[in-house]
Amino acid sequence: MSTVKIQGALQTPKHVRALLSGGLGVFSSLLAIGWALWAYNLPSAVNVTSSQSQNLMLIQLGLTFIMFTLPGGIVNILGALSTFLIGVYFSSGIADAARSKDLTALPLRFSGVYTGNVSLATDRIVSTFLIVPVFPIAVLLLISGLGALATYRSGKKAPVHG
């Protein structure tokens, strides 16, 4: 197949939507993997005992690998919904564990290079975790899934009734 035919095939709107949707799906899945790995380590990093939160992040990691390897709009839409629900349960579990330990704030250290601490008030843990990492990842997965469904639907031919 010549490069002219390949370029012509890639310039149709259906293929552009498929490439954008697939690329967004891969990007949001990689973000979800990063979120799951960071959040899995969070309870031990801030000295809070919350095994439910770590189990939820293991579920999130497994779900993300499913979303990453299986193409399709429905998979990404269901992944967006489950990412949001797991994020709600995770952040409320961390907040409950911090309150039970009578902590007023969670000291977050991001790396060995960045030496300052960010103190996150325990009454704002749920909203902060939902706004910063969870909601953007869920929205990106939802957009990717809807784009994949729109691309799939536009590729089907409507039956002609005579």
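Scroll up a little and you will see the structure.
First, a word on scope: everything that follows refers to the structure included in this document. (Residues numbered from 1 in each chain as written. Predicted model: local features only at pLDDT ≥ 70, side-chain atom pairs only at ≥ 80, totals over all residues. Heavy atoms only, no water.)

### Some details on the overall build of the chain
Operational definition: Secondary structure elements follow DSSP: runs of H or I no shorter than four residues count as helices, runs of E no shorter than two count as strands, and numbering proceeds from the N terminus. Each residue is assigned to one of three classes by its accessible area relative to the maximum for its type, calculated with a 1.4 Å probe on protein chains only: buried under 20%, partly exposed between the two thresholds, exposed over 50%. Only heavy atoms enter the contact rule, under which two residues are in contact if any of them lie within 4.5 Å. Note on areas: these come from Shrake-Rupley sampling with a 1.4 Å probe, and a residue is covered only by the protein chains present in the view.
Summing up its helical and strand segments, the chain has five helices and two strands in all. The helix and strand sequence of the chain, counted from the amino end, reads α-α-α-α-β-β-α. A total of 162 residues make up the chain; the buried ones form 31% of that total. For the chain, the share of sequence-separated contacts (at least 6 apart) that also reach a separation of at least 24 residues comes to 70%. Roughly 9900 Å² of accessible area belongs to the chain as shown, and the carbon and sulfur atoms make up 68% of that amount.

### Here's the deal with the packing of aromatic side chains
Quick note on the threshold: Between the rings of Phe, Tyr and Trp (Trp by its six-membered ring), a pair exists once the centres lie within 6.5 Å; its type follows the angle of the planes, with under 30 degrees stacked, over 60 edge-to-face, and the other angles tilted.
Taken as a whole, this structure holds five aromatic pairs when the rule is applied. An angle of 85 degrees between the planes, with centres 5.5 Å apart, marks the rings of tryptophan 35 and phenylalanine 90 as edge-to-face. Of this pair, tryptophan 35 sits in helix H2 (residues 13-45) while phenylalanine 90 sits in helix H4 (residues 73-100); the two residues are 55 residues apart in sequence, bridging distant segments of the chain. Each member of the pair, tryptophan 35 as well as phenylalanine 90, is classed as buried. Where tryptophan 38 meets phenylalanine 129, the ring centres are 6.0 Å apart and the plane angle is 85 degrees; that geometry is what we call edge-to-face. In this pair, tryptophan 38 sits in helix H2 while phenylalanine 129 sits in helix H5 (residues 125-155), placing the two residues 91 residues apart along the sequence. With a relative accessible area of 34%, tryptophan 38 lands in the partly exposed category. Take phenylalanine 129: its relative accessible area is 3%, and that puts it in the buried class. Taken together, Trp35, Trp38, Phe90 and Phe129 form an aromatic cluster joined through their ring pairs.

### A short note on a nonpolar patch on the surface
To keep things clear, this is the line we draw: Residues enter patches when they are more than 30% accessible in relative terms and free of salt bridges; like-charged ones are connected within 9 Å and nonpolar ones (Val, Leu, Ile, Met, Phe, Trp, Tyr) within 5 Å. Counted as salt bridges are all cases of a side-chain nitrogen of Lys or Arg within 4 Å of a carboxyl oxygen of Asp or Glu.
On the surface, Ile74, Leu78, Leu81, Leu142, Leu146 and Leu149 cluster together to form a nonpolar patch covering roughly 530 Å² of accessible area. Residue position: leucine 81 is located in helix H4.

### Considering the side chain of glutamine 60
Where we set the bar: Here a polar contact means two N or O atoms within 3.5 Å. Within protein one must be a hydrogen donor candidate and the other an acceptor candidate, and residues neighboring in sequence count only if both atoms are side-chain atoms.
Within the secondary structure layout, glutamine 60 lies in helix H3 (residues 51-69). Side-chain polar atoms of glutamine 60 contact the side chain of threonine 83, separated by 3.3 Å. Aside from chain neighbours lying at most four places away, what touches glutamine 60 is Ala32, Trp35, Ala36, Ser82, Thr83 and Ile86.

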